[in-house]
Amino acid sequence: MKSVRLLLTAIAMTTLCGAALPNGTGAMGRPVRILSLSFKGEPLDVISKVIEKEAAQGVDLIVLPETWRGQNDTSIETLDGPTTNAMSALARKYNTYIVSPIDHDDKGRRVNSAVLLDRQGKVVFLYHKVFPYWAEFDLKQKVHVGESAPVYKADFGRVGFAICFDVNFPEVWKSLADQGAELVVWPSAYSAGTSLQAHALNNHYYIVTATGERDCQVYDITGEKMVDQKSKGINVVHAKLDLDRGIYHQNFNLAKRDKLLKEHHGDIEQEKMLDREQWFVLRTTKPGLSARALAHKYGLEELRDYIDRSRRDIDAMRGWSFAEKVDEPRRP
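Residues numbered from 1 in each chain as written. Predicted model: local features only at pLDDT ≥ 70, side-chain atom pairs only at ≥ 80, totals over all residues. Heavy atoms only, no water.

K.L.:
What exactly am I supposed to notice about the sheet that holds strand β5 (residues 123-128) here?
P.N.:
Paired through backbone hydrogen bonds, the strands of a sheet run either parallel or antiparallel to each other. Read from one edge to the other, the open sheet built from six strands follows the order β5-β4-β3-β2-β1-β12, with strand pairing classed as mixed. Both outer strands of the open sheet, β5 and β12 (235-242), are each paired with one neighbouring strand and no more. For this sheet the average axis-to-axis angle between neighbouring strands, irrespective of direction, equals 30°. As paired strands, strand β3 (residues 97-106) and strand β4 (residues 109-117) are joined by nine bridges and run antiparallel to one another. Residue I102 lies in a different strand from β4, and its bridge partner there is S113. Against the sheet, helix α2 (residues 44-55) contacts β1 (31-38), β2 (61-63) and β12, and its axis sits at roughly 150° relative to β1. (Pairing = 2+ DSSP bridges. Helix = DSSP H or I, 4+ residues; strand = E, 2+ residues; numbered from the N terminus. Axes fitted to C-alpha atoms, helices over the stretch in contact; angles between N-to-C directions. Contact = heavy atoms within 4.5 Å.)

K.L.:
Got a minute to help me understand the pairing of β1 in this structure?
P.N.:
It is a general feature of regular strands that their side chains alternate between the two faces of the sheet. Burial within β1 is extensive, with seven of its eight residues counted as buried. Sheet topology places β1 next to β12; eight bridges connect them, and they run antiparallel. Note that in β12 the partner of V32 across the bridge is L241. Handedness of the crossover joining β1 and β2 through α2 is recorded here as right-handed. (Buried < 20%, exposed > 50% of the residue type's maximum accessible area, 1.4 Å probe, protein only. Right-handed = clockwise from strand over helix to strand, strands pointing away.)

K.L.:
Sorry if this is basic, but what is going on with the sheet that holds strand β13 (residues 246-249) here?
P.N.:
The three strands are arranged β13-β15-β14 in an open sheet whose pairing can be described as antiparallel. In the strand order of this sheet, the two ends are held by β13 and β14 (268-274), each with one partner. Across this sheet, the average inter-strand angle for adjacent strands is 30°, counted without regard to direction. Running at roughly 145° to β14, helix α6 (residues 254-263) makes contact with β14 and β15 (279-284) of the sheet.

Shown next, in the form of structure tokens:
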């Protein structure tokens, strides 16, 4: 995973320097406008009308809850079914990505899927729930388990997916980080709360939810809660996230940071300093300039890369991988 992670970082930093943003070349940082709709039991036409209203404000990504059309003996549908077709038309009309989870008939195999539609309304990515909940195995036609948690490169950044019960399995979330996820979308039946906060804290990506509990949470790359909103009816949340913000440890970075801030005074700023964690966040204050790309140019190592490198190098000194050791612990 070492070479993959380093390659993704290098490609991302190179691309960020001159990348056209989906919502305008004069944008600050690398913003993505997200619409989260949280609800339960609402019909397709009602949700379509809500999307029509909210998407008209301008949005890059719409997120809907887990199997929002139901999960029962009559809810299974293919990618040519009414749900995906309706969402495809809306994605195309409003030039936005849509994450629309369905109870998915995948060539006769039932899977709990998050379907990603691009701005043209095309299905460009599927995530099959890696850890279905126990009740899903009790259905007349049981749900099959997913086998991987890949990351999709959208025009605004790298997006990962997890669904509901996946929240309990850190290996899913670490895998998304290893693939360079900058944002993780979590459609769910329930809320999870601080479990999600732990994943954002440990993996340093944004997390956005859409749940059947009619609530939405958004967590920052620092693990801090940005949004926590619940409604009695359809919960509507608009969130704007800057994927160009970078988080760094003080270790080995302070002199490089100080040089960068001095030479680019007024263009790059230290947005946050988390003293206890010894982390800091950099962001751009100049349209068209990437804080992460510039930090990379000055030799700053992002926090996630620093932890990964430390794990590899210390394991090399140990002579074996601590994370992969599964037999009984060594006794003194």
